[in-house]
Amino acid sequence: MSSGPGAPSAPAPTAPTTTSGPRKSSMFSSLKVRNYRLFFLGQVVSNTGTWMQRIAQDWLVLSLTGSATAVGITTALQFLPMLLFGLYGGVLVDRLPKRRTLLFTQSAMAVTGIALAVLTLTGHVQVWHVYLAAFAVGLATVLDNPARQSFVSEMVGPDQLQNAVSLNSANFQSARLVGPAVAGLMITGVGTGWAFLANGLSFIAPLAGLLMMRSRELHVVQRAPRGKGQLREGLRYVAGRPELIWTIVLAGFVSTFGFNFPVYLSAFADDVFHAGAGSYSLFNTLMAVGSLAGALLAARRGTARMRVLVAGAVAFGTMEIVAAFAPSLWLFALLMAPIGMFGMTVNVTANSSIQMATDPSMRGRVMALYMMVFMGGAPLGAPIAGWITDAYGVRAGLAVGGAITAAAAFVIALVLARVGGLRLSVGWNQGHPRARFVPREEREEELATAA
């Protein structure tokens, strides 16, 4: 399908090992695009506010109830709408103009934050108010997430998509470093209500950026017409493209078994190293630093290759296994940086390769499926990780999660190689062993020559 003037449709890759895209890119090249620059600056402010609200929300629920279970319910309510309605949200996003959709969803989340601030500051807040606010934010996310993901390509076009997706991740990770620290100071100094108010007001920045964009400079895509069976159509579209379905499956394995850090890191800090909350904070900070570095390296890379995705997932799982048996606190802490870096490499590469390989008119549905699998994996995997940790210890839990992640990446690499007509070639290169995937014809020629 045509994607509209100035934005040719990104074709699906002919081989699963490569996603079409630019070969080289400067680290911040997509910021040269005025519309994306406005979007990026707005997200800097909004993401910081979002992290502030997450911390304030959990602290408020704990203060009101004294129950960790209640905090877990709040988190579950925020993610539940994506699991229930994520695919339908993708159908709507493909039908609707992305910028108007974002104006609506961002406004809804701003109102939610301000309403919670008013209730808290006036002393009328109850725990069910927080539950309702979390669920409302989750409902807005059902549309906001796929709309934001797919709108990136409309702002920058296919040539800068990988770079823009990477910078979005770097933006989020930067806010992850700043937001909780600011929230902690604000909660301690003036109270949780002001943190909610700051989050609500932070949406002014992205809303202003969206309104200031130049419509004529957008790579507007052809929207899907209203019709029956569009959800099934999207699922069939993904199922018929190995480079999409296996990327989503790999992202699901990584999220479900590899990203259970709230379970692991607190247990390592408390039960293994007996170091308390300060070490838990250190682990998270170093992982965020590694994630930020991974996002910036992906922005510089400028391409989204399947082999980078698979290698990143194998390295991520392997580093988790190594960390599981780290004998000292400082070695474990230092390993958090590469774990964060490889985890972000998987996240960014999967995101951008899926967008590049998807027809623009299908992008909302495909991205909704991807985000539903990626975001929904952690709530499903956390109880499994918790059970293994309780039964066999946290070292075993982290090691098993890493092993499953690395094994899944290796198996999916073999599947994709077979689908793409590739075979594993093992040999020697200048005295060193070398393993690579080559076309079957090339491998047969090698065998014939050797014979």
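Fair warning: this is a prediction, and the values are worked out from it, not measured in the lab. (Residues numbered from 1 in each chain as written. Predicted model: local features only at pLDDT ≥ 70, side-chain atom pairs only at ≥ 80, totals over all residues. Heavy atoms only, no water.)

Trainee: Please give an account of the overall build of the protein chain that cites residues and values.
Mentor: Secondary structure assignment for the protein chain yields 16 helices and two strands. Burial statistics for the protein chain: of 451 residues in total, 51% are counted as buried. In the protein chain, the share of contacts with a sequence separation of at least 24, taken over all contacts with a separation of at least 6, comes to 82%. Accessible area for the protein chain stands at about 20,000 Å²; split by element, carbon and sulfur atoms hold 66% of it. (Helix = DSSP H or I, 4+ residues; strand = E, 2+ residues; numbered from the N terminus. Buried < 20%, exposed > 50% of the residue type's maximum accessible area, 1.4 Å probe, protein only. Contact = heavy atoms within 4.5 Å. Areas by Shrake-Rupley, 256 points an atom, 1.4 Å probe, with all protein chains shown as cover.)

Trainee: Now, about the UniProt feature "transmembrane region" (unreviewed entry) in the protein chain: what can you tell me, with residues and values included?
Mentor: The UniProt record marks residues 59-89, 193-213, 244-265, 277-299, 306-326, 332-354, 366-388 and 394-417 with the feature "transmembrane region" (unreviewed entry), using the residue numbering of this structure. Annotated as residues 244-265, this span is 91% helix and 0% strand, and its ends, taken at the C-alpha atoms, are 32 Å apart. Taken end to end, residues 394-417 is 100% helix and 0% strand, and its two terminal C-alpha atoms sit 35 Å from one another. (UniProt positions renumbered as here; feature names shortened; annotations may be inferred.)

Trainee: Quick rundown of the nonpolar core? Include the residues and the values.
Mentor: Core analysis: the largest hydrophobic core is formed by 54 residues, its most contacted members being Phe-283, Phe-332, Met-336, Ile-339 and Tyr-370. Counting residues per element, this core draws most heavily on helix H13 (residues 329-357), which supplies ten residues. Excluding residues that lie within four positions of it along the chain, Phe-283 makes contacts with Leu-265, Phe-268, Ala-269, Phe-273, Leu-329, Phe-332, Ala-333 and Met-336. Membership of the second largest hydrophobic core comes to 27 residues, among which are Phe-39, Phe-40, Ala-170 and Ala-295. (Core = buried A, V, L, I, M, F, W, Y, C linked by side-chain atoms within 4.5 Å.)

Trainee: So what's going on with the pattern of salt bridges? Residues and values would help.
Mentor: Taken as a whole, this structure holds five salt bridges when the rule is applied. Between Lys-98 and Glu-154 there is a salt bridge, with the nearest N and O atoms lying 3.7 Å from each other. In this pair, Lys-98 sits in helix H3 (residues 98-121) while Glu-154 sits in helix H4 (residues 127-156), placing the two residues 56 residues apart along the sequence. Taken as a pair, Lys-98 and Glu-154 share a single burial class, namely buried. Glu-217 is the salt-bridge partner of Arg-214, the closest N and O atoms lying 3.0 Å from each other. Through salt bridges that share partners, Asp-94, Glu-233 and Arg-365 make up one connected network. (Salt bridge = Lys/Arg side-chain N within 4 Å of Asp/Glu carboxyl O.)

Trainee: A description of the environment of Ile-73 should follow, citing residues and the corresponding values.
Mentor: Along the chain, the position of Ile-73 falls in helix H2 (residues 68-95). Along the primary structure Ile-73 and Val-61 are separated by twelve residues, whereas in three dimensions their C-alpha atoms are 9.8 Å apart.

Trainee: Let's hear about a nonpolar patch on the surface: which residues, and what values?
Mentor: Where nonpolar side chains cluster on the molecular surface, the patch consists of Leu-80, Leu-83, Leu-84, Phe-85, Tyr-88 and Leu-139 and spans about 540 Å² of accessible area. Per-element accounting of the nonpolar patch gives the leading share, five residues, to H2. Among the secondary structure elements, Phe-85 is positioned in helix H2. On the basis of relative accessibility, which here comes to 37%, the residue Phe-85 falls in the partly exposed class. (Patch = residues over 30% accessible without salt bridge, like charges linked within 9 Å, V, L, I, M, F, W, Y side chains within 5 Å.)

Trainee: Could you give me a rundown of H13, with the residues and numbers involved?
Mentor: Over its 29 residues, H13 extends 42 Å from the first C-alpha to the last, a length consistent with the 42 Å expected when each residue adds 1.5 Å. Within H13, 22 of the 29 residues are buried, leaving the element largely enclosed by the surrounding structure. (Expected span 1.5 Å × (residues − 1).)

Trainee: With reference to specific residues and values, describe the environment of Asp-390.
Mentor: With respect to the helices and strands, Asp-390 occurs in helix H14 (residues 363-392). A relative accessible area of 70% means that Asp-390 is categorised as exposed. Once the C-alpha coordinates of Asp-390 and Ala-267 are considered, the two residues, 123 residues apart in sequence, prove to be 9.9 Å apart.

Trainee: How would you summarise the side chain of Ser-153 if you had to cite specific residues and measurements?
Mentor: Within the element layout of this structure, Ser-153 appears in helix H4. Using a relative accessible area of 6% as the deciding quantity, one classes Ser-153 as buried. Ignoring any residue separated from it by four or fewer positions in sequence, one finds Ser-153 in contact with Leu-161, His-219, Gln-355 and Arg-363.

Trainee: Lay out the packing of aromatic side chains with the relevant residues and their values.
Mentor: As enumerated under the stated definition, the model contains 15 aromatic pairs in all. Ring plane angle 50° and centroid distance 6.1 Å describe the contact between Tyr-36 and Phe-40, whose orientation is recorded as tilted. Taken together, the residues span about one helical turn, with Tyr-36 and Phe-40 both in helix H1 (residues 34-65) at a distance of four residues. As far as the burial class goes, Tyr-36 and Phe-40 line up, both buried. Ring centres 4.2 Å apart and planes at 20° place the aromatic pair Phe-268 and Phe-332 in the stacked group. Placement of Phe-268 in helix H10 (residues 261-272) and of Phe-332 in helix H13 is noted, with a sequence separation of 64 residues between them. Note on accessibility: Phe-268 and Phe-332 belong to one class, buried. Three or more aromatic residues link up through ring pairs in this structure, and these residues are Phe-259, Phe-261, Phe-316, Tyr-370 and Phe-374. Just above the ring of Trp-51 sits the side chain of Arg-54; from NZ or CZ to the centre is 4.6 Å. (Phe/Tyr/Trp six-rings, centres within 6.5 Å; stacked < 30°, edge-to-face > 60°. Lys NZ or Arg CZ within 6 Å of the ring centre and 35° of its normal.)

Trainee: A description of H10 should follow, citing residues and the corresponding values.
Mentor: Buried within H10 we find Phe-261, Tyr-264, Leu-265, Ala-267, Phe-268 and Ala-269. In the stretch just after H10, His-274 is the one whose phi turns positive, near 50°.

Trainee: Please set out the side chain of Gln-57 residue by residue, giving values where relevant.
Mentor: Looking at the element boundaries, Gln-57 is found in helix H1. For Gln-57, a relative accessible area of 5% puts it in the buried group. Here the side chain of Gln-57 touches Gln-78 through a polar contact of 3.2 Å, side chain to side chain. Not counting chain neighbours up to four residues away, the residues in contact with Gln-57 comprise Thr-74, Gln-78, Val-130, Ala-134 and Phe-196. (Polar contact = N/O pair within 3.5 Å; in protein donor to acceptor, adjacent residues only side chain to side chain.)

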